[in-house]
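Structure assessment
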Amino acid sequence: MVFSSTLFLFYFLPAFLLLYFLTPTRFKNTVALIASIGFYAWGGLNFLALFVASVVVNFVLIRFMDKAEGWQKRIYLTMSIVINVAMLFYFKYANFFLENIGAVQTALGGSALTWERVVLPIGISFFTFEKLTYTIDVYRGVNRPLRSFWDFMLYIMLFPKMIAGPIVRFHEIAGQLTDRRAFDTVDQKLAGLFRFGIGLGKKVLIANVLGLEADKIFAMNPTEISAPLAWVGAVAYTFQIYFDFSGYSDMAIGLGRLMGFQFPENFNNPYVSRSITEFWQRWHITLGRWMRDYLYIPLGGNRVSTGRLYANLWTVFILSGFWHGAAWNFIAWGAFHGLFLVLDRLFLLRISKLLGPLSIVPTFLITVVGWVLFRAESLAGALTYIKRMVSGGLGQLPYFNNEFWGILVLAALFSFMAALPRVERWEVSLLFGEKLSLSRATGLTLATAVLLILSAGAIIGSSFNPFIYFRF
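Only a predicted model underlies this, so the values are computations on that prediction, with no experimental measurement involved. (Residues numbered from 1 in each chain as written. Predicted model: local features only at pLDDT ≥ 70, side-chain atom pairs only at ≥ 80, totals over all residues. Heavy atoms only, no water.)

1. Brief notes about the overall build of the chain
Each helix and strand in the chain was counted, giving 17 helices and 0 strands. By its C-alpha atoms, the chain is 65 × 65 × 50 Å across when sized along the principal axes. Per-residue burial over the chain gives 52% buried out of 472 residues. Looking at the chain alone, contacts between residues at least 24 apart form 75% of all its contacts between residues at least 6 apart. Taken as a whole, the chain presents about 22,200 Å² of accessible surface, with 67% of it coming from carbon and sulfur. (Helix = DSSP H or I, 4+ residues; strand = E, 2+ residues; numbered from the N terminus. Buried < 20%, exposed > 50% of the residue type's maximum accessible area, 1.4 Å probe, protein only. Contact = heavy atoms within 4.5 Å. Areas by Shrake-Rupley, 256 points an atom, 1.4 Å probe, with all protein chains shown as cover.)

2. Overview of the packing of aromatic side chains
In total, this model carries 65 aromatic pairs according to the counting rule given. The cationic tip of Arg375 hangs over the ring face of Tyr237; the distance from NZ or CZ to the ring centre is 5.9 Å. (Phe/Tyr/Trp six-rings, centres within 6.5 Å; stacked < 30°, edge-to-face > 60°. Lys NZ or Arg CZ within 6 Å of the ring centre and 35° of its normal.)

3. Points about helix 12 (residues 328–355)
Helix length check: helix 12 (28 residues) gives 34 Å between terminal C-alpha atoms against 40 Å at 1.5 Å per residue, more than 12% under. Along its length, helix 12 reaches its greatest deviation from straightness, about 70 degrees, at Asp344. Gly356 sits one or two positions beyond helix 12 and adopts a positive phi of about 65 degrees. (Expected span 1.5 Å × (residues − 1). Bend = angle between axes of the 7 residues up to and from the residue.)

4. Some remarks on the nonpolar core
Generally speaking, soluble globular proteins have nonpolar side chains that are buried together. Among the nonpolar cores identified, the biggest contains 134 residues, and Phe8 and Trp283 are the most heavily contacted of them. The leading source of residues in this core is helix 8 (residues 227–258), at 17 residues. Ignoring any residue separated from it by four or fewer positions in sequence, one finds Trp283 in contact with Ile241, Tyr242, Phe245, Asn266, Phe267, Pro270, Tyr271 and Trp371. (Core = buried A, V, L, I, M, F, W, Y, C linked by side-chain atoms within 4.5 Å.)

5. Overview of the side chain of Lys92
Within the secondary structure, Lys92 is located in helix 3 (residues 70–107). Polar side-chain contacts of Lys92 include one of 2.6 Å to the side chain of Ser125. The contacts of Lys92, once residues within four sequence positions are left out, are Leu120, Ser125, Trp323, His324, Gly325 and Ala326. (Polar contact = N/O pair within 3.5 Å; in protein donor to acceptor, adjacent residues only side chain to side chain.)

6. Thoughts on helix 4 (residues 124–140)
Between its terminal C-alpha atoms helix 4 stretches 24 Å, which fits the 24 Å expected from 17 residues at 1.5 Å a residue. Across the 17 residues of helix 4, 15 count as buried, placing the element largely inside the fold. Positive backbone phi, at 80 degrees, marks Gly141, one or two positions downstream of helix 4.

7. Side note on the pattern of salt bridges
Enumeration over the complete set of coordinates arrives at 14 salt bridges. Through salt bridges with shared partners, a single ionic network connects Arg169, Glu172, Arg292 and Asp293. (Salt bridge = Lys/Arg side-chain N within 4 Å of Asp/Glu carboxyl O.)

8. Quick word on unusual backbone geometry
Despite not being glycine, Asn269 shows a phi value in the positive range, around 45 degrees. Within the secondary structure layout, Asn269 lies in the loop between helix 8 and helix 9 (276–282).

9. Regarding the packing of helix 2 (residues 28–67) against helix 4
In contact at an axis separation of 11 Å, helix 2 and helix 4 are set at 10 degrees when each is read in the N-to-C sense. One finds that helix 2 runs roughly parallel with respect to helix 4. Here helix 2 contributes Tyr40, Phe51, Ser54, Asn58, Phe59, Ile62, Met65 and Asp66 to the contact with helix 4, which in turn contributes Phe127, Lys131, Tyr134, Thr135, Val138 and Tyr139. Partitioned by chemical class, the residues of the contact of helix 2 with helix 4 number 9 nonpolar, 3 polar and 2 charged. (Axes fitted to C-alpha atoms, helices over the stretch in contact; angles between N-to-C directions. Parallel < 35°, antiparallel > 145°, perpendicular 65-115°, else oblique. Nonpolar A, V, L, I, M, F, W, Y, C, P; charged D, E, K, R; others polar.)

10. Here's the deal with the confidence of the model for the chain
Within the chain, residue pLDDT values average 85, and 91% of them lie at 70 or more. In the model of the chain, helix 16 (residues 421–432) stands out as the element of lowest mean pLDDT, 49, in contrast to helix 13 (residues 360–375), which has the highest, 95. Below a pLDDT of 50 lies the segment residues 422–428, which in the model reaches 7 contacts outside its immediate sequence neighbourhood of four places, other chains included. Considering only residues more than four positions removed or in separate chains, one finds that residues 462–472, a stretch of pLDDT under 50, has 18 contacts. (pLDDT = per-residue confidence, 0-100.)

11. A closer look at a nonpolar patch on the surface
The grouping of Val57, Trp71, Ile75, Met79 and Ile83 at the surface amounts to a nonpolar patch, some 450 Å² of accessible area in total. The greatest single-element share of the nonpolar patch, amounting to 4 residues, is contributed by helix 3. Its place among the elements puts Met79 in helix 3. (Patch = residues over 30% accessible without salt bridge, like charges linked within 9 Å, V, L, I, M, F, W, Y side chains within 5 Å.)

Next up, the structure:
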C-alpha cells in the first residue's frame, strides 16, 4: 500500500485519522500500532510473523544487554547486530550473490546454478537500520531501553516511515513514544496536513509525469539513443527521483506531525549543492547521518591517516550504494560518489570556493551522471548510456508532449530557486515555523486543499490532471 494509492488516500488514511483523533490519549499508541500492523500486512502478510519474531528477539536481547556488564554486554550487542544484519543479508542480497556465483560457475564451464529466488520483504532495509539504532544507542547509554514491548514495536513499525523513511534513530523519538502532548497541537496538525499535501503533489504531479518519459528512454537500446535524448532521460530521472523520494519523506513527516511525532528532515534542496560533500549533507540526510555515526566514525572517521580516511569514505559509500540495491550498478554508484568525496578533500572544495554559486552547475552535472548508474538496469547498460551522453551525436530529439516539458521546467525551478537566500528563508519559515497566525493558518488550509484536490484528481484519472492544459 503506497501513500499515493486510492486505497490509502480515500480509505485507510481517513479511517485511521478519524479513529486516532477520537481515541483517548492513553490508547493512541495502540491504535497507531494496529494500523501499522494492518498497513504492513496488506503488502507483506507472508513475512509478518517473521518480522514480529525478529522484533521480539531484538527486544529481549537488548533487555538482557542493559542488565549485563563487561564482556556479557558485548555478547548481547553482537548477537543483536548479527541477527539483524543476517536477516537483511539473506533477504536482500542472497539472489545477488547466487546470481554472481552462477555466472562464474557457467563461465568456467560448469552447469547453471538454480535456486528458488528469495522474495524481499517490504521495508526491511529501514527496519534493520532502526533496530540497529535502538541496539547501539542503548549499548552506548544514549537512551534507556523501552519498558514496553508494544512501544518498541510501534517505534519499528510506525507506518508513515515504513516504506521510504526517513530513518528515525531511537534517541530522536524515544520520548515521543510515551508522551507526545508537546507536539499534539492544532498548529502541528495543520502544518502536518500541509506537509503531506506538498509531498503528495511532488509525487503525483511531478515525479510520476517525469517518470513516464524517463522510463521510456531508459527502456530503449542505449547504443541507439542520441546524446540529446540521453541527457533528457538522465535529467528527467534526476528530478523524478528527487521529487519522488523527497515527496515520500514529506508525506511521512506530515503524517507523523498529524500523530504528534516529530520526524527528522530528510532532504534540503540537494540540487543547489556546490559540491558532492554538500550534496550528501542535503540528500537523504537521515541515511547520511546514520552512515556517519554508526559506520564512518567507528571506522576511525577523521582521526586516522589521510590514506585510511579516504579508504573509510569509499568503504562507507560503496556500502551505501549496496544498501540501496543488490546490483553492481548500485555499488558503482556508491563508489562514484565516494570518489568525488575524496576528490573534494583533495582539491575540488577549493575550486568550488573560487567558483562560488557557479559551482552548482558542475555539481549538478556530476549528480546527473551518477543517477544514470543508479537507474540503469545493469552496469554495462549504464556505462553505454553515459558514453552516449558524451558521444551519441545530435540525432533527432523525439517529440515530447507539452505536459512533460512544462513539468520538467517546473521541477527545475522548484529545485534551484532555493539557491536564492530569500527563497530558502521563506521555505524554512513556511514548512518549519512553530506558531501560525490566523492569516497564515487560513493560507495553509487553502493551499493544502488545493494540493490535495489536484493530487487526488491526478491519481483518479488523467481527465482531472490540472497539467493537461499544457497540451496545446
